[in-house]
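Letter by letter, the chains look like this.
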Amino acid sequence: MEANKTWLSIPKEIRSRLINNVFCTNCSGVTTIESFTIEDARFGVVLKGKCKKCGHEVARVIEAE
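Residues numbered from 1 in each chain as written. Predicted model: local features only at pLDDT ≥ 70, side-chain atom pairs only at ≥ 80, totals over all residues. Heavy atoms only, no water.

1. With respect to the side chain of Arg60
Worth spelling out the cut-off: The numbering of helices and of strands both runs from the N terminus, where a helix is a DSSP run of H or I of at least 4 residues and a strand a run of E of at least 2. For each residue, the accessible area found with a 1.4 Å probe, counting protein chains only, is set against the maximum for its type, and the residue is called buried under 20%, exposed over 50%, and partly exposed in between. Charged-residue counts in this description rest on Lys and Arg as positive and Asp and Glu as negative, His and the chain ends being excluded. A carboxyl oxygen of Asp or Glu within 4 Å of a side-chain nitrogen of Lys or Arg is what we treat as a salt bridge. Pairing of N or O atoms within 3.5 Å defines a polar contact, subject to two protein rules: one partner must be a possible hydrogen donor and the other a possible acceptor, and residues neighboring in sequence count only if both atoms are side-chain atoms. Residues are treated as being in contact if the distance between any of their heavy atoms lies within 4.5 Å.
Structurally, the position occupied by Arg60 is in strand β5 (residues 57–63). We note that Arg60 is buried and unpaired, the nearest opposite charge coming from Glu63 at a distance of 9.1 Å. At 2.4 Å, the side chain of Arg60 and the backbone oxygen of Asn21 are in polar contact. Discounting residues that sit within four places of it in the chain, Arg60 has contacts with Leu18, Asn21, Val22, Val45, Val46 and Leu47.

Next up, the structure:
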């Protein structure tokens, strides 16, 4: 629940940029994360989901300030 609060405290425009700026090791490039979950991490939150292009698992770490 805390991870979701942290995620929602980030301005909508920045959240959108983060969602659309995830590296996929399968595609070897930047992609959009889909069907993601938000989890607490030691230094912030982690988005875990699927690559929009190929469906491979991807993650994006978002550090707390």
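Back to the write-up after that little detour.
2. So, the sheet that holds strand β4 (residues 44–51)
The test is simple: At least two bridges found by DSSP between two strands is the condition for calling them paired. All axes are obtained by fitting lines to C-alpha atoms, using only the stretch in contact for helices, and the reported angles, taken between N-to-C directions, cover 0 to 180 degrees.
Spatially, β3-β4-β5 is the arrangement adopted by the three strands of the open sheet, whose pairing is antiparallel. Of all strands in the sheet, those with a lone pairing partner are β3 (33–41) and β5, marking the two edges. On average, each strand axis in the sheet is inclined to that of its neighbour by 20 degrees, with strand direction left out of account. In this structure, β3 lies alongside β4, joined through seven bridges in antiparallel fashion. Within β4, the position partnered with Glu34 by the bridge is Lys50.

3. Some remarks on the nonpolar core
Heads up, the condition is: Nonpolar core, defined: a set of buried Ala, Val, Leu, Ile, Met, Phe, Trp, Tyr and Cys residues in which side-chain atoms within 4.5 Å join the residues together.
Core analysis: the largest hydrophobic core is formed by 13 residues, its most contacted members being Trp7, Ile10, Leu18, Ile33, Leu47, Val58 and Ile62. Looking at this core, the element that brings in the most residues is β4, giving three residues.

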